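# Structural characterization, general
Read off the chains here:
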Amino acid sequence: QVQLVESGGGLVQTGDSLRLSCAASGRTIIRYHMGWFRQGPGKEREFVAAVSWSGGSVSYADSVKGRFTISRDNAKNTVYLQMISLKPEDTAVYYCATSTTWGKVHFKSGYWGQGTQVTVSS
C-alpha cells in the first residue's frame, strides 16, 4: 500500500554532512508518523528519529541529538534526515518507516523501505 525508497547515502568522512530522503508512493504519508532507523554492521536495528504526521512532534535517539534533524514535506510525500557532524559510529544502513500510532515500538508494524547505506570513514 505504501512504498518507501530511501536515497542520499554514501561514503563521507568524519565531520561531514549528509541528507537522506525517503520518498513515498502508493499512498500519501500525510497521516502517517514517519521514522528513521539504522542498522550498523553486526548490530541490531535501532531507532534514530521520528516526526509526527503534523510535524508538531519529533523524537531523537540520544546518540544523534543535536546532530540529526528529521523533517517532512507532505506536499512532496517525502521525509528527510539531515545529518551533520557525522561520526564513524553513524555508519549503518538507514531505513525509513511509517506508523499510525506515535511511539517507537509502533513502527515495527508499519511500512519499511529497503534502506540506504551511510559509511563514515575516520
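Our subject is the structure that appears above.
Okay, so let's go over this structure. Just so you know, these numbers come straight off a predicted model, no measurement behind them. (Residues numbered from 1 in each chain as written. Predicted model: local features only at pLDDT ≥ 70, side-chain atom pairs only at ≥ 80, totals over all residues. Heavy atoms only, no water.)

### What to know about the state of the cysteines
Such a bond, covalent and formed between the sulfur atoms of two cysteines, is termed a disulfide. Per the counting criterion, the structure on display carries 1 disulfide. Here Cys22 is linked by a disulfide to Cys96, with a sulfur-sulfur distance of 1.9 Å. Disulfide Cys22-Cys96: the torsion about the S-S bond is 60 degrees, which places it as right-handed. Taken together, the residues Cys22 in strand E3 (residues 18–25) and Cys96 in strand E9 (residues 92–99) connect sequence positions 74 residues apart. The exposure classification of Cys22 matches that of Cys96, with both residues buried. (Disulfide = S-S within 2.5 Å. Helix = DSSP H or I, 4+ residues; strand = E, 2+ residues; numbered from the N terminus. Buried < 20%, exposed > 50% of the residue type's maximum accessible area, 1.4 Å probe, protein only.)

### Re the pattern of salt bridges
Oppositely charged side chains are able to pair whenever their charged atoms sit close together. Applying the stated criterion to the full structure yields 4 salt bridges. In this structure, Arg38 and Asp90 form a salt bridge, with 2.9 Å as the shortest nitrogen-oxygen distance. A residue pair is termed long-range when its members are at least 10 positions apart, and Arg38 in strand E4 (residues 33–39) and Asp90 in the loop between strand E8 (78–83) and E9 qualify at 52 residues. Asp90 carries the same exposure label as Arg38, and that label is buried. Linking Arg67 and Asp90 is a salt bridge whose minimum nitrogen-to-oxygen distance equals 2.8 Å. Here Arg67 is found in the loop between strand E6 (58–60) and strand E7 (68–73), whereas its partner Asp90 is found in the loop between E8 and E9, with 23 residues between them in sequence. Linked by salt bridges that have partners in common, Arg38, Glu46, Arg67 and Asp90 make up one network. (Salt bridge = Lys/Arg side-chain N within 4 Å of Asp/Glu carboxyl O.)

### As for the side chain of Arg38
Judged by its relative accessible area of 5%, Arg38 falls in the buried class. A distance of 2.9 Å separates the side chain of Arg38 from the side chain of Asp90, its partner in a polar contact. Among the polar contacts made by the side chain of Arg38, one reaches the side chain of Tyr94 at a distance of 2.9 Å. Those residues in contact with Arg38, other than ones at most four positions away along the chain, are Glu44, Arg45, Glu46, Val48, Ser63, Val64, Phe68, Glu89, Asp90, Ala92, Val93 and Tyr94. (Polar contact = N/O pair within 3.5 Å; in protein donor to acceptor, adjacent residues only side chain to side chain. Contact = heavy atoms within 4.5 Å.)

### Comments concerning the environment of Leu11
By the secondary structure assignment, Leu11 is in strand E2 (residues 10–13). With 44 residues separating them in the primary sequence, Leu11 and Gly55 have C-alpha atoms 29 Å apart. What Leu11 contacts, discounting residues up to four positions off in sequence, is Thr119 and Ser121.

### Considerations on the packing of aromatic side chains
Tallied over the entire structure, the rule returns 5 aromatic pairs. Look at Tyr32 and Tyr111: their rings are 6.4 Å apart centre to centre, the planes differ by 90 degrees, and that puts the pair in the edge-to-face class. In this pair, Tyr32 is assigned in the loop between E3 and E4 and Tyr111 in the loop between E9 and strand E10 (116–121), connecting sequence segments 79 residues apart. On the accessibility criterion, Tyr111 (27% relative accessible area) is partly exposed. Pairing Phe37 with Trp112 gives two aromatic rings, centres 4.9 Å apart and planes at 50 degrees, and the pair type is tilted. One end of the pair, Phe37, is in strand E4; the other, Trp112, is in the loop between E9 and E10, with 75 residues separating them in the sequence. Phe37 sits in the buried class, given a relative accessible area of 8%. Its relative accessible area of 24% is what places Trp112 among the partly exposed residues. (Phe/Tyr/Trp six-rings, centres within 6.5 Å; stacked < 30°, edge-to-face > 60°.)

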